[in-house]
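Here is what each chain is made of, one letter per residue.
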Amino acid sequence: GESVGLHLPTLSVQEGDNSIINCAYSNSASDYFIWYKQESGKGPQFIIDIRSNMDKRQGQRVTVLLNKTVKHLSLQIAATQPGDSAVYFCAENTAGYSTLTFGKGTMLLVSP
Amino acid sequence: EAQVTQNPRYLITVTGKKLTVTCSQNMNHEYMSWYRQDPGLGLRQIYYSMNVEVTDKGDVPEGYKVSRKEKRNFPLILESPSPNQTSLYFCASSVYPPNTDTQYFGPGTRLTVL
């Protein structure tokens, strides 16, 4: 397995619970935010994004909340399933810059 | 199938022996990027390319080179690898830069430099 999960904060939930994963971002000028999911042995996979002119965006079973005042981003996963077990990363981007800055990630463990 | 491929997936080498990790995408994406992933540090960008023959440094470019001679390929070159380059490497691509488009990541290359 991959060692990327070492040293990460971990959230353990039961199947069917709602999960909330938090991310504090660093740059107050960032205006685009993305959540990625990384399963063991795979590359990151896009989940949902949000721009700074919004404070909430919903997808299928996922919701992203953005609080620009405190530079905080959260990912809510409804009715968490074992297949949701993975490492979750937030990433930020600033308009005019062609790079993404990633957070260090949170490991989500879902038990049946 | 739309995908980003990397080769090799696993590589063990020795200090100073030049190596190249290939990256190819079949989606006609203009933007490509390389990241390294280390425990406790997350993903850090090494280099990126906005288009053919256009490359720029990311956050951690030291010890790496890249080239973009064709749109589909973006190889990562380590001229003289050192043990601190032991890491998990990801290539990614998107139509536009990441502030306007979703990046698609390859499966990763696990590199060990002895």
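Just above sits the structure.
Residues numbered from 1 in each chain as written. Chains lettered and ligands numbered in written order. Predicted model: local features only at pLDDT ≥ 70, side-chain atom pairs only at ≥ 80, totals over all residues. Heavy atoms only, no water.

Q: Sorry if this is basic, but what is going on with the packing of aromatic side chains here?
A: Aromatic rings considered in pairs are described by the distance between their centres and by the relative angle of their planes. Under the criterion given, the structure shown has 10 aromatic pairs over all chains. Geometrically, the ring pair formed by Tyr36(A) and Phe102(A) is tilted, given 5.5 Å between the ring centres and 40° between the ring planes. On the criterion of sequence distance, the pair formed by Tyr36(A) in strand S3 (residues 32-38) and Phe102(A) in strand S9 (residues 101-102) is long-range, its members being 66 residues apart. Across this residue pair, the class does not change: Tyr36(A) and Phe102(A) are buried. Given a relative accessible area of 0%, Tyr36(A) falls into the buried group. Through a chain of ring-to-ring contacts, the aromatic side chains of Tyr36(A), Phe89(A), Phe102(A), Tyr35(B), Phe90(B) and Phe105(B) assemble into a single cluster. Residue placement shows Arg51(A) over the ring face of Tyr32(A); its charged tip is 4.1 Å from the ring centre. Above the ring of Phe74(B), the side-chain terminus of Arg68(B) is found at 6.0 Å from the ring centroid. (Phe/Tyr/Trp six-rings, centres within 6.5 Å; stacked < 30°, edge-to-face > 60°. Helix = DSSP H or I, 4+ residues; strand = E, 2+ residues; numbered from the N terminus. Buried < 20%, exposed > 50% of the residue type's maximum accessible area, 1.4 Å probe, protein only. Lys NZ or Arg CZ within 6 Å of the ring centre and 35° of its normal.)

Q: In this structure, what is going on with the interface of chain B and chain A? I would like to understand it.
A: Size of an interface: often given as the accessible area lost when the parts come together. Of the residues lining the interface, 24 residues belong to chain B; the matching set on chain A comes to 27 residues. Together, the buried faces of chain B and chain A total about 2000 Å²; carbon and sulfur atoms form 53% of this surface. For the pair chain B and chain A, the number of links is 1 residue pair in polar contact (both at pLDDT 80 or more). Contributing elements (two or more residues each) for the side of chain B that touches chain A: strand S4 (31-38), strand S5 (42-51) and strand S9 (87-94) of chain B. The element best represented in the side of chain B that touches chain A is S5(B), accounting for 5 residues. (Contact = heavy atoms within 4.5 Å. Buried area = accessible area lost by both parts, 1.4 Å probe. Polar contact = N/O pair within 3.5 Å; in protein donor to acceptor, adjacent residues only side chain to side chain.)

Q: Would you mind showing me how to read unusual backbone geometry here?
A: What you tend to see is this: most non-glycine residues have negative phi, and most peptide bonds are trans. Put simply, Asn7(B) and Pro8(B) share a cis peptide bond, and its omega is -5°. Along the chain, the position of Pro8(B) falls in the loop between strand S1 (4-7) and strand S2 (10-13). Positive phi, close to 70°, is recorded for Arg61(A), a residue that is not glycine. Relative to the assigned elements, Arg61(A) resides in the loop between strand S5 (56-58) and strand S6 (62-67). A relative accessible area of 32% places Arg61(A) in the partly exposed class. For Ala79(A), which is not glycine, the phi torsion reads 45° and is therefore positive. Looking at the secondary structure, you find Ala79(A) in the loop between strand S7 (72-77) and strand S8 (86-93).

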